[in-house]
Amino acid sequence: PVKETIPNQRLQFFVVAGGKDPLAKDIRESKNKLTTAKFSVVYREILEMGHQYLDAKTLDDLVKWLDSLDRQ
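Structure report, in brief. (Residues numbered from 1 in each chain as written. Predicted model: local features only at pLDDT ≥ 70, side-chain atom pairs only at ≥ 80, totals over all residues. Heavy atoms only, no water.)

Comments concerning the environment of Val42
Going by this rule: Helix and strand definitions here come from DSSP, where helices need a minimum of 4 consecutive H or I residues and strands a minimum of 2 consecutive E residues; each element is numbered from the N-terminal end. Note on contacts: a residue pair is in contact if any heavy atoms of the two residues lie within 4.5 Å.
With respect to the element layout, Val42 can be found in strand β2 (residues 40–46). Residues Val42 and Phe13, 29 residues apart in the sequence, show an inter-C-alpha distance of 6.2 Å. Filtering out sequence-adjacent residues up to four positions away, Val42 remains in contact with Phe13, Phe14, Val15 and Trp65.

Digging into the packing of aromatic side chains
Spelled out, the test is: Only rings of Phe, Tyr and Trp enter the pairing, Trp through its six-membered ring, and a pair is recorded when the two centres are within 6.5 Å. The plane angle decides the type: under 30 degrees is stacked, over 60 is edge-to-face, the rest tilted. Each residue gets one of three labels from its accessible area relative to the maximum for its type: buried under 20%, exposed over 50%, partly exposed in between, using a 1.4 Å probe on protein chains only.
If you walk through the whole model with that rule in mind, you get two aromatic pairs. Summarising the aromatic geometry, the rings of Phe13 and Phe39 are spaced 5.6 Å apart at their centres and angled 85° between planes, so their arrangement reads as edge-to-face. Taken together, the positions of Phe13 in strand β1 (residues 12–18) and Phe39 in the loop between α1 (24–36) and β2 put the pair 26 residues apart, joining distant regions of the chain. Taking 5.5 Å as the distance between ring centres and 50° as the angle between the ring planes, the aromatic pair formed by Phe14 and Trp65 counts as tilted. Here Trp65 lies in helix α2 (residues 56–69) and Phe14 lies in strand β1, a separation of 51 residues in the sequence. For Phe14, a relative accessible area of 16% puts it in the buried group.

Shown next, in the form of structure tokens:
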């Protein structure tokens, strides 16, 4: 179960699923639960990817997202 958000302890998530990953459906459901609980979620689903490392573009997006956290 997802816990409630705490205003002074914000959590944000960058969630990536591979379209060919057997866990893609569960990952998508986790993203929906986090969004419903009012957590900030960036979600990427890479259709041609299975259960493997991120592709270069998604890794670059993740690095930019991490860098942006300092500015919020």
